[in-house]
Amino acid sequence: MDDKQRPRCIEPRNLPLAKPSGPEALQTERSKATFSPDELAKYIHGQTWLDRQARILSVLEKEPIFNKSVNYYQGRSDRLKRALERGKRATQLAKELKWDFDDIAMADALIDEPGPYGLHKSMYLITLRDQTSDEQKELFEKPAQAYDHIGCYAQTELGHGSNVRGLETTATYIPETGEFEINTPTLTATKWWIGSLGRTANHAAVMCQLYVNGENKGPHPFIVPIRDVHTHKMLPGVVVGDIGPKFGYNTMDNGFLQFNKVRIPSVNMLAKYASIDRNTGQYIKPPNSKLAYGTMTWVRSRIVMQARMVLARSATVAVRYCSIRRQFQDRDAKDQTGETPVINYVTVQYRLFPVIAQAFALHYMGKQMFNLYEANMKAMSKGNFELLADLHAGSSGLKSLATTMASSAIETCRRACGGHGFSMFSGLAHAYQDYLPEVTWEGDNFMLTQQVARYLLKTARYVFGQAGNVKKSVSNPTIEYLLNYRNDPHFKVKGTIQQGQYLLRLFGHRAAYQVSQVLRRRDQERESWNSLLQEFYRMSVAHCQYMLIKYFWQALETDPELKPGSPLRTAVEPLYFLFALYTLETEATEFFASGCLTQAVYEECKTEVLGYLKVIRPNAVALVDSFKFPDFLLQSSLGRYDGNVYADMIDRAAREPANGEIINSDYRSPELIRGQPPSELLIAAMKAQAQAKI
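What counts as what
Residues numbered from 1 in each chain as written. Predicted model: local features only at pLDDT ≥ 70, side-chain atom pairs only at ≥ 80, totals over all residues. Heavy atoms only, no water. Helix = DSSP H or I, 4+ residues; strand = E, 2+ residues; numbered from the N terminus. Rg over C-alpha atoms; globule rule 2.2 N^0.38 Å. Buried < 20%, exposed > 50% of the residue type's maximum accessible area, 1.4 Å probe, protein only. Areas by Shrake-Rupley, 256 points an atom, 1.4 Å probe, with all protein chains shown as cover. Lys, Arg positive; Asp, Glu negative; His and termini not counted. Charge placed at Lys NZ, Arg CZ, Asp CG, Glu CD. Core = buried A, V, L, I, M, F, W, Y, C linked by side-chain atoms within 4.5 Å. Contact = heavy atoms within 4.5 Å. Polar contact = N/O pair within 3.5 Å; in protein donor to acceptor, adjacent residues only side chain to side chain. Pairing = 2+ DSSP bridges. Axes fitted to C-alpha atoms, helices over the stretch in contact; angles between N-to-C directions. Salt bridge = Lys/Arg side-chain N within 4 Å of Asp/Glu carboxyl O. Parallel < 35°, antiparallel > 145°, perpendicular 65-115°, else oblique. Left-handed = near helix turned anticlockwise from the far one by under 90°. Nonpolar A, V, L, I, M, F, W, Y, C, P; charged D, E, K, R; others polar. Phe/Tyr/Trp six-rings, centres within 6.5 Å; stacked < 30°, edge-to-face > 60°. Lys NZ or Arg CZ within 6 Å of the ring centre and 35° of its normal. Expected span 1.5 Å × (residues − 1). Patch = residues over 30% accessible without salt bridge, like charges linked within 9 Å, V, L, I, M, F, W, Y side chains within 5 Å.

1. As for the overall build of the chain
Secondary structure assignment for the chain yields 22 helices and eleven strands. Its C-alpha atoms give the chain a radius of gyration of 28 Å, within 12% of the compact-globule value 26 Å for 694 residues. Dimensions along the principal axes, computed over C-alpha positions, put the chain at roughly 85 × 85 × 65 Å. The 694 residues of the chain split such that 54% are buried. For the chain, the exposed surface amounts to about 31700 Å²; the carbon and sulfur share of it is 53%. Taking the average place of the 83 positive charges on the side chains of the chain and the average place of its 73 negative ones, the gap between the two points comes to 2 Å.

2. Let's talk about the nonpolar core
In terms of nonpolar packing, the biggest core is built from 140 residues, with Leu 60, Leu 352 and Phe 360 touching the most fellow members. Among the elements that take part in this core, helix 15 (residues 533–558) stands out by supplying 15 residues, more than any other. When near neighbours in sequence (up to four residues on either side) are disregarded, Leu 60 contacts Phe 66, Leu 93, Trp 99, Ala 107, Leu 110, Ile 111 and Phe 632. Counting residues in hydrophobic clusters, the runner-up holds 27 residues, among them Ala 171, Leu 197, Val 206 and Phe 222.

3. Side note on the environment of Arg 313
Within the fold, Arg 313 resides in helix 8 (residues 294–324). Overall, the relative accessible area of 12% leaves Arg 313 in the buried class. In this structure the C-alpha to C-alpha distance between Arg 313 and Leu 428, which are 115 residues apart in sequence, comes to 8.9 Å. In terms of polar contacts, Arg 313 uses its side chain to reach the side chain of Asp 112, at 2.8 Å.

4. Considering the sheet that holds strand 7 (residues 238–242)
Spatially, 4-8-7 is the arrangement adopted by the three strands of the open sheet, whose pairing is antiparallel. Of all the strands in the sheet, the pair left with one neighbour each is strand 4 (191–194) and strand 7. Ignoring strand direction, the axes of neighbouring strands in this sheet form an average angle of 15 degrees. Bridge count for strand 4 against strand 8 (residues 255–259) is two bridges, and the pairing is antiparallel. When the bridges of strand 8 are listed, Lys 191 appears paired with Leu 257.

5. Side note on helix 13 (residues 477–487)
With eight of eleven residues buried, helix 13 lies mostly within the body of the structure. Among all positions in helix 13, only Pro 477, Thr 478, Ile 479, Tyr 481, Leu 482, Leu 483, Asn 484 and Tyr 485 are buried. For helix 13, the N-terminal capping position is held by Asn 476, with its side-chain oxygen 3.1 Å away from the main-chain nitrogen of Thr 478.

6. Topic: unusual backbone geometry
Backbone torsion omega between Lys 19 and Pro 20 reads -5 degrees, so that peptide bond is classified as cis. The phi angle at Lys 98 is positive, at roughly 55 degrees, despite the residue not being glycine. Here Lys 98 lies in the loop between helix 4 (76–96) and helix 5 (101–111). In this model, Lys 261 sits at a positive phi of 50 degrees, which is unusual for a non-glycine residue. Residue position: Lys 261 is located in the loop between strand 8 and strand 9 (262–265). Accessibility expressed as a relative area gives 52% for Lys 261, which makes it exposed.

7. Digging into the pattern of salt bridges
For the structure shown, the criterion picks out 41 salt bridges. As a salt-bridge pair, Glu 135 and Arg 278 come within 2.9 Å of each other at their nearest N and O atoms. One end of the pair, Glu 135, is in helix 7 (residues 134–145); the other, Arg 278, is in the loop between strand 10 (275–276) and strand 11 (283–284), and 143 residues separate them in sequence. Overall, Glu 135 belongs to the partly exposed group, its relative accessible area being 40%. Here Arg 263 makes a salt bridge to Glu 181, at a shortest N to O gap of 3.3 Å. Taken together, the residues Arg 263 in strand 9 and Glu 181 in strand 3 (residues 179–183) connect sequence positions 82 residues apart. By relative accessible area, Glu 181 is classed as buried at 17%.

8. Points about the packing of helix 10 (residues 388–416) against helix 11 (residues 428–435)
Packing of helix 10 against helix 11 leaves a shortest axis separation of 9 Å and a crossing angle of 160 degrees. Put simply, helix 10 runs roughly antiparallel to helix 11. Remark: the crossing between helix 10 and helix 11 carries left-handed chirality. Side by side, helix 10 and helix 11 meet where Ala 402, Thr 403, Ala 406, Ser 407, Ile 410, Glu 411, Cys 413 and Arg 414 of the first sit next to Leu 428, Ala 431, Tyr 432 and Tyr 435 of the second. Here the residues of the contact of helix 10 with helix 11 sort into eight nonpolar, two polar and two charged.

9. Concerning the packing of aromatic side chains
Tallying each qualifying case throughout the model produces 23 aromatic pairs. A centroid spacing of 4.4 Å and a plane angle of 55 degrees characterise the contact between Trp 529 and Phe 536, whose relative ring orientation is tilted. Given the relative accessible area of 22%, Trp 529 is considered partly exposed. Judged by relative accessible area, which is 0%, Phe 536 ranks as buried. Chaining the aromatic ring pairs together yields one cluster made of Tyr 364, Phe 552, Trp 553, Tyr 576, Phe 577 and Tyr 612. One Lys or Arg, Arg 30, reaches over the ring of Tyr 641 and ends 3.8 Å from the middle of that ring.

10. Remarks on helix 22 (residues 680–693)
In this model helix 22 runs 20 Å from its N-terminal to its C-terminal C-alpha over 14 residues, within 8% of the 20 Å that 1.5 Å per residue would give. For helix 22, the N-terminal cap is Ser 679; the gap from its side-chain oxygen to the backbone nitrogen of Leu 681 is 3.4 Å.

11. As for the side chain of Arg 617
Following the sequence through the fold, Arg 617 ends up in the loop between helix 18 (599–616) and helix 19 (620–625). Among the polar contacts listed, one links the side chain of Arg 617 to the side chain of Asn 344, at a separation of 2.9 Å. Those residues within four positions of Arg 617 in sequence are excluded, and the remaining contacts are Glu 29, Lys 32, Ile 343, Asn 344, Gln 349 and Phe 353.

12. Comments concerning a nonpolar patch on the surface
A cluster of nonpolar side chains, contributed by Leu 672, Leu 682 and Met 686, occupies part of the molecular surface with about 230 Å² of accessible area. Take Leu 672: it is sitting in the loop between helix 21 (645–654) and helix 22. Its relative accessible area of 44% is what places Leu 672 among the partly exposed residues.

Structure follows, in structure tokens:
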């Protein structure tokens, strides 16, 4: 299917491309690669993933509904309708073709549009899967899987976001009837920002403060019907609607929700871990207080994995375009006959190549996080909750760091594209708008780091408080680096920054030093929690950067597909060193403070970064090609696989609807568009002005 089905409003001249053309430039770049992008793609994604993408893509490209040529020209009302249209068709295809969870996720990724069923498919169904009893699975999960119930996850309120404990919506147990009364007691208790709620959902998983016999038992999830499943009208006692236009994400119907003492049966309290005994009315508490955060932990783990693709996508657009774009001449180049590809300028490489390296670092970290999540779910099913603290802290800190990295990378890549990066046709502007909420939702990126701080301080008290009784733990890298610091606080380890293991020790020492200093200020000097918040943030970043370095290096050490001398090793290993050294250079003050970095090593680090930029340069286009983003997904003139950048920019501009209208530019006339009715506001204003002169 041709994605240019929107008609042209004007016909530009058919001019030849300047030489070398975009396609020629990319062909030249790809010929320099020292490895096969297809092999690296198979390594990154796996053949199953690649086959799935090809299969789902072939279906979507044949469907006119998923044609994206209209996206950049539509207002919010039209985009909401189109998103609903696409959401319905995607669901029909999923049923018809018997797509599984991974197929549906792939289709959503390729459609690349926050859709009306988004929160139903993610947080609502996951909540029902993980927190329901067998009885509730029949009552709620089964109709939700059939899309008879369309749900959302209503946690955030007008007055509370990251602080789940501070939520104000109440669920009061009524022992006389065995019901719960759901109520919005204050204006700030209004549920707000809830995806899929504004227009779509008829049920909500609502996080409420549970009150039993006048006692607050903390936040618990309840399934509450909010719209009639047949008429879709609001149910009695419910006020629900869309919150209006936003900075981005405008194809999602984020909504608000208020309750006026709405009664629901006792079975609507999700009861896999906590419940009310229907016979006695007694509260049965969960075995672990953080079980209610299970859904959020899953979502945060997915956010980390998604961030690597955001980084890679941004780099794909910028690296391809900067390989085509030519500006000025390198005054020291031997060949002065033409302009220099922008990708050859070190200032461009210094901005773009670390983004590729960050994508790979998050790739290995994301895999580790999902392994930990799966292990935790298996352990919890057997009553073992030992991994939950690690997972909760890790997912909190890495969500914060990964989304900060990804959102910054989109803007970095957009700027590297120069003026054309400001065009919606770059594909980066809308990517930034739709991704930016990630730094705030599912926990504000600054507030989340307090979760990491609690975990690190608790672990440090254990490690530093034990006299030789703590053993290194392969499964707990926090204990590993804290124990190294306890045994060698002045960092007497010998090595060079050309050694991957030595770099890992540097990052571990820096993280441990920060933890030790914060622990001293908190426990010995009794500084207030609030006064240490910025230190908590820095401590969390240091800890998570250590984790990224650790699992990146671990892959190089243990992955058989990355054996020394292999083509994939030559592609990936420089990215590890660039990521580690670039991060070290960026965070140098903290390494200096910890005593593990000297001025000489710092200067050497800067030289090594420039050296790795040169090593990566011939492989830059091949590296981004390896992520296999189809043009259907990118929707970018600048990032087209074939490099036909400028012709595509002209073509898209020719389809701008405004080019099909002829305006009346005479300020004396109330007519705006020639041939259309004049402006009533201008007519009224001109009449009033004329009368005032009489």
